[in-house]
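Inside the fold
Listed here are the chains, written in short residue letters.
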Amino acid sequence: MGHAMPVSHVRVTGTERITPRTARVTFTGDALPRLMEDRPDQQMKLCLPREGRSLEEGLLPEQDAEDAYGMRWYEAFLAIPEPVRPWMRGFTVRSYDRAHNVMAVDFVLHGDGGPASRWGAAARPGDVLGMVGPSSLYARPLPTTSAGMLLAGDEAALPAIATVLEALPAGTRALVYAEVADAAEERELPTAAGGTEVRWVHRDRGGSLVAAVREAGADLDGVGAAWVAGEASAVRALRRHLVGERQLPRSAVEFSGYWRRALTQDDAPTEEDLAWAAERAADSG
Ligand SMILES: Cc1cc2nc3c(=O)[nH]c(=O)nc-3n(C[C@H](O)[C@H](O)[C@H](O)COP(=O)(O)OP(=O)(O)OC[C@H]3O[C@@H](n4cnc5c(N)ncnc54)[C@H](O)[C@@H]3O)c2cc1C
């Protein structure tokens, strides 16, 4: 096939706290001009050095042109001795400025001891990370609807939601349900061409995304498709609700677990994760 998962390096050019618990980190890199595409929801993995280390040249395995889905690359990655093996975590391209070759990534500073959250809080210009992807092999088509589209997620999903809003066609009205820690975590979201309404849900006031969507009542009338991401069990509960109670067609609900409570991204998938991965694959045909 000759695709291969692209492996590259990116270098920090700046950081900014866009909210008290979100660090927007900007990166540049020689490979970015050919890797960045004009599509929403570009996902990739960042490879972060272990504490006190930097990402040495040659540490990450080379890509292999025949290794379309990166399986061999991943095996070689796992063969790096654990004390020096970088942490690998999923992220979203928030934006790419082609004129200046600058990519922005928003890091949730969840403060739960994760290496990505820790790195994002301390990032400095000049820091280097590895990047695996993005690749259009993993691009998931947005569900299409002539009616409204529900976008539901937590802080980790907001960067992707923002890019989806920017890409929605003029005929689609967007309704966003966003769960954040507190009012200070609210941020400006792009306005979709067909209009955007945002409902913020605050955890410090006892709110949760699942309860808010379940109790949305007539607010969801006219919603014909949904895009859901965030904490895995919340995402599953929402998908069940939207397909089961709200009767959205399964193919109209795009869902993705971005993180798992009390588990790191290095922990193996649970039985439930595997069952849902199979169901997701079946839905997307
Ligand atoms: C396709 C995809 C795109 C993503 N895009 C983004 C993005 O743009 N920005 C972003 O910040 N994250 C994004 N995420 C989520 C991110 O990969 C996870 O949150 C990841 O676990 C963070 O790594 P960590 O090293 O900080 O924590 P880990 O070492 O993985 O976990 C440590 C602890 O922190 C908890 N934890 C992890 N993430 C969160 C969280 N968000 N809120 C509260 N507690 C948490 C875990 O439950 C665990 O107890 C994305 C994930 C995927 C799969």
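For the structure itself, consult the block above.
These remarks concern the structure in this document. (Residues numbered from 1 in each chain as written. Predicted model: local features only at pLDDT ≥ 70, side-chain atom pairs only at ≥ 80, totals over all residues. Heavy atoms only, no water.)

Quick look at the overall build of the chain now. The secondary structure content of the chain amounts to seven helices and twelve strands. A compact globule built from 285 residues should have a C-alpha radius of gyration of about 19 Å, and the chain, at 19 Å, falls within 12% of that. Oriented by its inertia axes, the alpha-carbon framework of the chain measures out at about 55 × 40 × 40 Å. Considering the chain as a whole, with its 285 residues, one finds that 49% of them fall into the buried category. Carbon and sulfur atoms provide 50% of the accessible area of the chain, an area that totals close to 13,900 Å². If you average the places of the 31 positive and of the 41 negative side-chain charges in the chain, the two averages end up 1 Å apart. (Helix = DSSP H or I, 4+ residues; strand = E, 2+ residues; numbered from the N terminus. Rg over C-alpha atoms; globule rule 2.2 N^0.38 Å. Buried < 20%, exposed > 50% of the residue type's maximum accessible area, 1.4 Å probe, protein only. Areas by Shrake-Rupley, 256 points an atom, 1.4 Å probe, with all protein chains shown as cover. Lys, Arg positive; Asp, Glu negative; His and termini not counted. Charge placed at Lys NZ, Arg CZ, Asp CG, Glu CD.)

The seven strands lie next to each other as β4-β3-β7-β1-β2-β6-β5, forming an open sheet whose pairing is antiparallel. Either end of the sheet is taken by a strand with one partner, and the two such strands are β4 (87-92) and β5 (95-97). This sheet shows a mean twist of 40 degrees between the axes of neighbouring strands, independent of strand direction. Looking at chain direction, β5 and strand β6 (residues 102-108) are connected through three bridges and run antiparallel. Among the inter-strand pairings, Ser95 is bridged to a residue of β6, identified as Ala104. Contacts between helix α2 (residues 71-78) and the sheet are confined to β1 (7-19), β3 (43-48), β4 and β7 (128-132), with β4 contributing the most and set at about 135 degrees to the helix. (Pairing = 2+ DSSP bridges. Axes fitted to C-alpha atoms, helices over the stretch in contact; angles between N-to-C directions. Contact = heavy atoms within 4.5 Å.)

With that settled, the discussion passes to the side chain of Thr19. Looking at the secondary structure, you find Thr19 in strand β1. One polar contact links Thr19 to Thr22, side chain to side chain, over a distance of 2.7 Å. Excluding residues within four positions of it along the chain, Thr19 makes contact with Ala184, Glu185, Glu186 and Arg187. (Polar contact = N/O pair within 3.5 Å; in protein donor to acceptor, adjacent residues only side chain to side chain.)

This part is about the site of the ligand. Taken together, 24 residues form the shell around the ligand, and within it Gly90, Asp106, His110, Arg260 and Gln265 come nearest. At 2.8 Å, a backbone N or O of Ala116 approaches an oxygen atom of the ligand. Residue Gln265 places a side-chain N or O atom 2.6 Å away from an oxygen atom belonging to the ligand. Within the complex, the protein chains bury 90% of what would otherwise be the 910 Å² of accessible surface of the ligand. For the shell around the ligand, the secondary structure elements donating two or more residues are β4, β6, α3 (115-122) and β12 (253-259). (Near = heavy atom within 4 Å.)

Here the structure, examined in full by the defined rule, presents 19 salt bridges. Here Asp266 ties to Arg89 by a salt bridge, and the two come within 3.2 Å at their closest N and O atoms. Of this pair, Asp266 sits in the loop between β12 and α7 (271-283) while Arg89 sits in strand β4, and the two are 177 residues apart along the sequence. On the basis of relative accessible area, Asp266 is assigned to the partly exposed category, the value being 45%. Here Glu155 ties to Arg203 by a salt bridge, and the two come within 2.8 Å at their closest N and O atoms. In this pair, Glu155 is assigned in the loop between β8 (148-153) and α4 (158-167) and Arg203 in the loop between β10 (196-202) and α5 (209-214), connecting sequence segments 48 residues apart. Taking relative accessible area as the criterion, Glu155 reaches 9% and is therefore assigned buried. (Salt bridge = Lys/Arg side-chain N within 4 Å of Asp/Glu carboxyl O.)

This next bit is on the sheet that holds strand β9 (residues 174-180). Across the sheet, which stays open at both edges, the five strands sit in the order β10-β9-β8-β11-β12 with parallel pairing between neighbours. Two strands lie at the open edges of the sheet, namely β10 and β12, each paired on one side alone. The average angle at which neighbouring strand axes cross in this sheet is 10 degrees, direction not considered. Running over the sheet, α4 touches β8, β9, β10, β11 (223-231) and β12 and is turned about 160 degrees from β8.

This brings us to a nonpolar patch on the surface. Judged by side-chain polarity, Tyr69, Met71 and Tyr138 come together as a nonpolar surface patch covering roughly 350 Å² of accessible area. Looking at the element boundaries, Tyr138 is found in the loop between β7 and β8. (Patch = residues over 30% accessible without salt bridge, like charges linked within 9 Å, V, L, I, M, F, W, Y side chains within 5 Å.)

Such coordinate-based values are descriptive only and should not be taken to indicate function.
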